[in-house]
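Each chain, written out:
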Amino acid sequence: MSTSARPTGLIATSGIELLTFGTPNGHKASILLEELKAAYNKSYTYQSINISENIQKEPWFTKFSPNGRIPAIVDHDRNDFGVFEGAAILSYLTRHYDPERRFSFEVDDDDFSRVEQWVAWQHGGLGPMQGQANHFYRLAKERIPYPTQRYVGESERLYGILDNQLKDRDYLVGPGKGKYSIADIASFSWVNWAYFAGVNLDQFPNVKAWWQRIADRPAVQKGINTPSEPRAANAVYQKRLVEDPEFKENEDNLKDLADKAKKQYGYKYASP
């Protein structure tokens, strides 16, 4: 359930209300909410917060997200309790609405701590570094070699950490080959935009297989299309490379600039 009008306040009176946009951080929350919906029939309401219009800076929004960033949730069933920051939202939702621990672990299980560690790793490392790579590799009006190679290179280093963790594993945390959990959701939301940041998943085969495994989940597909179909996620990107010659030419030019920046500053991939 959503509204197409410009949001000016909350629209629900019960359940979880998600205030979000089609970004990696936004997808963390929408993916988990779709998983909870599929597992427990836990419905939710969402509103699209167009960040280019600065809706997220308006007082009604910052009441629930003081940092003026998406995503945020409001739990109308718990006195309109607001939660901001993707990592906190993942923790809150599994703590209150995942009683069978399908996407989490019991608090006294060591894997509960391992999940916290990987979510913290994404929140403090992969997300910020890849976000900077997005900017300097693709969005900055002025192409500056040093930060381009710095942030694309650091993103590649972090992908190498994931690739090593996923060696002989299906998921990041859990016994045996692991169990799908919020640790995976947190990092998947960013890996799903790898090519946008200049990171080639072919360089990280374990990550690529893990990404595809998660992307194939029906709830994940619904989550990454909330509030709308993403324009730059991996699947869309790969399709455009094949179908749009002008887009491919532009992408080849961006890669060439990044390769030259790496060569200029003597970048050599290493991880950890």
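Just so it is clear, the model here is predicted, and its values are computed rather than measured.

Side note on the overall build of the protein
Helices and strands together make up the secondary structure of the protein, namely 10 helices and four strands. Secondary structure elements of the protein, listed N to C terminal, follow the sequence β-α-β-α-β-β-α-α-α-α-α-α-α-α. Relative to its length of 272 residues, the protein is compact, with a C-alpha radius of gyration of 19 Å against a globular reference of 19 Å. Oriented by its inertia axes, the alpha-carbon framework of the protein measures out at about 55 × 45 × 35 Å.

A few points about the side chain of Ser-187
Checked against the element boundaries, Ser-187 lands in helix H6 (residues 182-191). The class of Ser-187 is buried, set by a relative accessible area of 0%. If sequence neighbours within four positions are ignored, Ser-187 has contacts with Trp-121, Gln-122, Leu-126, Leu-162 and Trp-210.

Things to note about helix H1 (residues 24-40)
Given a rise of 1.5 Å per residue, 17 residues ought to cover 24 Å, and the 24 Å separating the end C-alpha atoms of H1 matches this to within 8%. By the criterion of burial, H1 is predominantly enclosed, with 13 of the 17 residues buried. Immediately downstream of H1, the backbone of Asn-41 shows phi near 60°, a positive value.

Things to note about the layout of surface pockets
By volume, the largest pocket is sized at about 1100 Å³. Lining the largest pocket are 39 residues, and of these Thr-23, Pro-24, Ile-51, Asn-134 and Trp-190 sit closest to its centre. Among the secondary structure elements, those contributing two or more residues to the lining of the largest pocket are H1, helix H4 (110-139) and helix H9 (234-243). With nine residues, the single largest contributor to the lining of the largest pocket is H4. Tallied by class, the residues present in the lining of the largest pocket amount to 15 nonpolar, 17 polar and seven charged. Of the voids in this model, the second largest pocket is the one considered here, and its volume is about 360 Å³. Lining the second largest pocket are 18 residues, and of these Tyr-137, Gly-198, Val-199, Asn-200 and Lys-255 sit closest to its centre. If one sorts the elements of the lining of the second largest pocket by residue count, helix H10 (residues 245-264) sits on top with seven residues. When grouped by side-chain class, the residues that make up the lining of the second largest pocket number eight nonpolar, three polar and seven charged.

Observations concerning the packing of aromatic side chains
Under the criterion given, the structure shown has 14 aromatic pairs. Between the aromatic rings of Phe-204 and Tyr-269, the centroid separation amounts to 6.0 Å while the plane-to-plane angle is 65°, which identifies the pairing as edge-to-face. One end of the pair, Phe-204, is in the loop between H6 and helix H7 (205-215); the other, Tyr-269, is in the segment after H10, and 65 residues separate them in sequence. Cluster of aromatic residues (ring-pair linked, three or more members): Phe-103, Tyr-171 and Tyr-180. In this structure, Lys-42 packs its charged tip against the face of Tyr-97, placed 4.1 Å from the ring centre. Between Lys-179 and the ring centre of Phe-105, over which it is positioned, the NZ or CZ distance is 4.1 Å.

Quick word on the nonpolar core
Membership of the largest hydrophobic core comes to 56 residues, with the highest contact counts inside it found for Leu-93, Tyr-159, Phe-188, Val-191, Val-207 and Trp-210. Elements represented by at least two residues in this core include exactly strand S1 (16-20), H1, strand S2 (44-48), helix H3 (86-97), H4, helix H5 (145-165), H6 and H7. No other element matches the seven residues that H6 contributes to this core. In contact with Tyr-159, not counting residues within four places along its chain, are Leu-126, Gln-130, Trp-190, Val-191, Ala-194, Val-199, Leu-201, Phe-204 and Val-207. Among the nonpolar cores identified, the runner-up in size contains seven residues, and Ile-49, Ile-55, Phe-61 and Ile-70 belong to it.

A closer look at unusual backbone geometry
Along the chain, Ile-70 connects to Pro-71 via a cis peptide bond; the corresponding omega equals 0°. Of note, Pro-71 is situated in the loop between helix H2 (59-62) and strand S3 (72-75). Omega for the bond connecting Thr-226 with Pro-227 falls within 30 degrees of zero, at 5°, which places this linkage in the cis form. On the secondary structure map, Pro-227 appears in the loop between helix H8 (218-223) and H9. Positive phi outside glycine occurs at Asn-79, with the angle close to 60°.

Analysis parameters
- Every chain begins its residue count from 1, and numbering advances along the sequence as written.
- Where totals are concerned, whole chains, interfaces and linings use all residues; where local detail is concerned, this predicted model gives features only for residues with pLDDT of at least 70, and gives and counts side-chain atom pairs only at 80 or more.
- To obtain the side-chain values, all non-hydrogen atoms of the structure were used and water was disregarded.
- Each helix is a run of H or I in the DSSP string that is no shorter than four residues. Each strand is a run of E no shorter than two, and both are numbered from the N terminus.
- In this description the radius of gyration comes from C-alpha coordinates, and the expected globular size is given by 2.2 Å times residues to the power 0.38.
- Working definition: with a 1.4 Å probe on protein chains only, accessible area under 20% of the residue-type maximum means buried, over 50% means exposed, and in between means partly exposed.
- In what follows, a contact means two residues having at least one pair of non-hydrogen atoms within 4.5 Å.
- For a helix, the expected span equals 1.5 Å multiplied by the number of residues minus one.
- Method remark: on a 1 Å grid restricted to protein atoms, a set of points is classed as a cavity if a 1.4 Å probe fits but cannot get out and as a pocket if it is open with protein on both sides within 12 Å along at least five of seven lines; lining residues have an atom within 4 Å of a point.
- Grid points are joined across faces, edges and corners, and a volume is the space filled by probe spheres set on the points.
- Note on residue categories: nonpolar means Ala, Val, Leu, Ile, Met, Phe, Trp, Tyr, Cys or Pro, charged means Asp, Glu, Lys or Arg, and polar means any other residue, Gly included.
- Pairing of aromatic side chains here covers Phe, Tyr and the six-membered ring of Trp, requires ring centres within 6.5 Å, and sorts the geometry by plane angle: under 30 degrees stacked, over 60 edge-to-face, intermediate tilted.
- Two limits define a charge over a ring: the Lys NZ or Arg CZ must be within 6 Å of the ring centre, and within 35 degrees of the ring normal.
- The set of buried Ala, Val, Leu, Ile, Met, Phe, Trp, Tyr and Cys residues whose side-chain atoms join them within 4.5 Å is what this entry labels a nonpolar core.

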